[in-house]
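# Per-entry structural report
Each chain, letter by letter, is given below.
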Amino acid sequence: MIATETRQAISDLYANYAYYIDADRLEEWLDFFTPDCVYKIIPRENAAAGLPLSVMLCENRNMLRDRVVSLREANIYNLHVDRHFISGLRIEAPENGVYPVQANYAVYQTTAEGVSMLFSVGAYDDKVTFVNGVPRFKEKIVVIDTAAIINLLATPL
Amino acid sequence: MIATETRQAISDLYANYAYYIDADRLEEWLDFFTPDCVYKIIPRENAAAGLPLSVMLCENRNMLRDRVVSLREANIYNLHVDRHFISGLRIEAPENGVYPVQANYAVYQTTAEGVSMLFSVGAYDDKVTFVNGVPRFKEKIVVIDTAAIINLLATPL
Amino acid sequence: MIATETRQAISDLYANYAYYIDADRLEEWLDFFTPDCVYKIIPRENAAAGLPLSVMLCENRNMLRDRVVSLREANIYNLHVDRHFISGLRIEAPENGVYPVQANYAVYQTTAEGVSMLFSVGAYDDKVTFVNGVPRFKEKIVVIDTAAIINLLATPL
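Not measured: the values here are computed from a predicted model.

## Digging into the overall build of chain A
Helices and strands together make up the secondary structure of chain A, namely 4 helices and 6 strands. When the helices and strands of chain A are read in sequence order from the N terminus, they spell out α-α-β-α-β-α-β-β-β-β. Over its C-alpha atoms chain A spans a radius of gyration of 15 Å, differing by no more than 12% from the 15 Å that the globule rule assigns to 157 residues. Overall, the C-alpha framework of chain A stretches about 45 × 35 × 25 Å when taken along its three principal axes. Taking all 157 residues of chain A together, 41% fall into the buried category. Long-range pairs, those at least 24 residues apart, make up 55% of the contacts in chain A between residues at least 6 apart in sequence.

What follows is the structure in structure tokens.
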């Protein structure tokens, strides 16, 4: 059994993760990761086959920060608003203080023209560790149910 | 840290809020609000700009009751069934016994012809207070991600 | 009030229920039911009218197992990947150790061509019992918001 306080803290981490992306506060969102974090997006077909091929890979928080900077300054993409739904949090017993956590996610986007639509569904397959008593993502693997959205990826899933 | 019992009671409030709307038991749903409650729907653009302009505003529970009565007796709208999804509950530390609470919502509607579709996504930005030990909405602000649905608003979000 | 441990165990049951369907591990998913379980799918119109007419009915776990075997070996259906979202868990006080539990669900499917779309929304109206300290579904009633999807039903909701 995972202690209630631990469950609540990890549950809050996911609520905050979604909140800061959806509020477009990505610079603060970076704080939810450890400095040595891995952030990876993999199509479900690859994940099922155990293939390491990812459509996005950041091997530490600085790489993730570079993505945010590039999003702010350089990338050209459809302006939109994100809305995350995270469901079915599964927290497994920790190994060396690191908790494997899985959940399903759905991201909706609303365009500048005012159309809301489903953008991506898939699952998180994460590792969460506590730093000074606060949970942080040591590893975040986003398994997208279809690779068809790759070219549209801009803001984080 | 918010006490576990408080978290659970507030979490239950949101589950009940959704349940009673989706079951079309709006008269009972009114009981989840305080008599002096504010219920407001704002487009995201306005909320982000700090503009007070709302597309719907009830400044107490009697006004909210009037809306329900009018829905039952007078309004003409597409018959449909609602289905709410609420995700990412964030309960902040209380000020004078009032808890700021945020969450994302998605509402699906199923038409009389049997088509289910996304109706609205957005966020709740609420204030919850305890009355005789039971949590109630003192303020419910629904931030809709697009104002495009305004003319279709009938049942509560 | 439901004890925190009980809430967490039942919440985990729903997370696992979704996880094992979405991972296509249906043989293991059967273990979340009691041997004498009832699994039933009813259109919302019938449920509201108190009509017993269901579009699918398994009156024990062996019947449910037969469905899984038939899905694996005989059924012809569109290959797809499921993704479940369960929201608004409401756990009621137990009667003779059996907890009535309600929740909303949404199921997305992603086709082999890589298109993700909403498949079904509706509600669960369940009975959960503890077997050797572990929660199991004694009754699972899936109320679908539209009967229009009946012919497309293959994997469990």
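## Considering the relation of the copies chain C and chain A
Each copy superposes on the other: chain C lies on chain A with an RMSD of 0.0 Å after a rotation of 120° and an axial shift of 0.0 Å. Taken together, the rotation and translation relating the two chain copies correspond to the operation of a three-fold axis. For chain C, the minimum C-alpha distance to the rotation axis belongs to S87(C) and amounts to 4.2 Å.

## A look at the nonpolar core
Grouped together as the largest cluster of nonpolar side chains are 112 residues, with contacts concentrated most on Y105(A), A106(A), Y105(B), A106(B), Y105(C) and A106(C). Setting aside its immediate chain neighbours within four residues, A106(C) contacts F85(B), Y108(B), F85(C), L118(C) and V121(C).

## Quick word on the sheet that holds strand β2 (residues 56-58) of chain A
In spatial order, the strands read β2-β1-β6-β5-β4-β3 (chain A); together these 6 strands make up an open sheet with mixed pairing. If you trace the sheet from one side to the other, it starts and ends with β2 and β3 (80-91) of chain A, each paired once. Along the sheet, successive strands turn relative to each other by an average axial angle of 25°, direction set aside. The strands touched by helix α1 (residues 4-22) of chain A are β3, β4 (98-111), β5 (116-131) and β6 (134-144) of chain A; relative to β3(A), the strand with the most contacts, the crossing angle is about 165°. Helix α1 (residues 4-22) of chain C rests against β3 and β4 of chain A of the sheet, and its axis sits at about 105° to β3(A).

## Observations concerning unusual backbone geometry
All names here are of chain A. Even without a glycine there, the phi angle at N96 is positive, about 55°. Tracing the backbone shows N96 in the loop between β3 and β4. Taking the C-beta count within 10 Å as the criterion, N96 has 5 such neighbours and is therefore assigned exposed. Even without being glycine, N132 reaches a positive phi, approximately 50°. Taking the C-beta count within 10 Å as the criterion, N132 has 5 such neighbours and is therefore assigned exposed.

## Re the interface of chain A and chain B
Counting residues at the interface gives 18 residues for chain A and 17 residues for chain B. If you list the elements that add at least two residues to the side of chain A that touches chain B, you get α1, β3, β4 and β5 of chain A. In terms of residue count, α1(A) provides more of the side of chain A that touches chain B than any other element does, 7 residues in total.

## Re the interface of chain C and chain A
The interface is formed by 18 residues belonging to chain C together with 17 residues belonging to chain A. Of all elements in the fold, only α1, β3 (80-91), β4 (98-111) and β5 (116-131) of chain C reach the threshold of two or more residues within the side of chain C that touches chain A. In terms of residues, the side of chain C that touches chain A owes the most to one element, α1(C), which gives 7 residues. When its residues are assigned to classes, the side of chain C that touches chain A shows 8 nonpolar, 8 polar and 2 charged.

## Topic: the sheet that holds strand β1 (residues 33-43) of chain C
All names here are of chain C. Spatial strand order, β2-β1-β6-β5-β4-β3: 6 strands in an open sheet with mixed pairing. Here the strands that pair on one side only, and so sit at the sheet edges, are β2 (56-58) and β3. Across this sheet, the average inter-strand angle for adjacent strands is 25°, counted without regard to direction. Note that β1 and strand β6 (residues 134-144) share 7 bridges and pair parallel.

## Some details on the confidence of the model for chain A
Interpreting fine coordinate detail is not advised for predicted regions of low pLDDT. Averaged over every residue, the pLDDT of chain A is 94; the share at 70 or more is 98%. Prediction confidence for the complex, expressed as pTM and ipTM, is 0.96 and 0.94 respectively.

## Observations concerning helix α1 (residues 4-22) of chain B
If you check α1(B), its first and last C-alpha atoms are 27 Å apart, about what 19 residues at 1.5 Å a residue would give, namely 27 Å. Looking at α1(B), one finds that the buried residues are I10(B), S11(B), D12(B), Y14(B), A15(B), Y17(B), A18(B), Y19(B) and D22(B). Elements in contact with the buried residues of α1(B): β3 (80-91), β4 (98-111), β5 (116-131) and β6 (134-144) of chain B together with β3 and β4 of chain C. Positive phi shows up at D24(B), right after α1(B), with a value of about 55°.

## Focus: the environment of L71(B)
Residues and elements named next belong to chain B. By the element assignment, L71 lies in helix α4 (residues 61-73). Considering only alpha carbons, one finds L71 and D125, 54 residues apart in sequence, at a separation of 24 Å. L71 has contacts with A154 and T155, leaving out every residue within four places of it along the chain.

## Focus: the pairing of β5(C)
All names here are of chain C. One ladder, built from 13 bridges, connects β4 with β5; its direction is antiparallel. Paired with T110 across the two strands is S116, which belongs to β5. Where β4 folds back onto β5 in an antiparallel hairpin, the turn is made up of 4 residues, including G114, whose phi is positive at roughly 90°. Examined bridge by bridge, β5 and β6 share 10 bridges and lie antiparallel to one another. Within the sheet, the bridge partner assigned to G122 lies in β6 and is I144.

## Here's the deal with the environment of E45(C)
Residue and element names in this part refer to chain C. With respect to the element layout, E45 can be found in helix α3 (residues 44-49). On the basis of neighbour counts, which here come to 17 C-beta atoms within 10 Å, the residue E45 falls in the partly exposed class. Measuring from C-alpha to C-alpha, the distance between E45 and V107 comes to 19 Å, with 62 residues separating the pair along the chain.

## Regarding the environment of V115(C)
On the secondary structure map, V115(C) appears in the loop between β4 and β5. Taking the C-alpha atoms as reference, V115(C) lies 22 Å from Y20(C); in sequence the two are 95 residues apart.

So, how was this worked out
Residues numbered from 1 in each chain as written. Chains lettered and ligands numbered in written order. Predicted model: local features only at pLDDT ≥ 70, side-chain atom pairs only at ≥ 80, totals over all residues. Helix = DSSP H or I, 4+ residues; strand = E, 2+ residues; numbered from the N terminus. Rg over C-alpha atoms; globule rule 2.2 N^0.38 Å. Buried ≥ 20, exposed ≤ 12 C-beta atoms within 10 Å, placed from the backbone. Contact = placed C-beta atoms within 7 Å. Least-squares fit on C-alpha atoms with pLDDT ≥ 70 in both. Core = buried A, V, L, I, M, F, W, Y, C linked by C-beta atoms within 7 Å. Pairing = 2+ DSSP bridges. Axes fitted to C-alpha atoms, helices over the stretch in contact; angles between N-to-C directions. Nonpolar A, V, L, I, M, F, W, Y, C, P; charged D, E, K, R; others polar. pLDDT = per-residue confidence, 0-100. Expected span 1.5 Å × (residues − 1).

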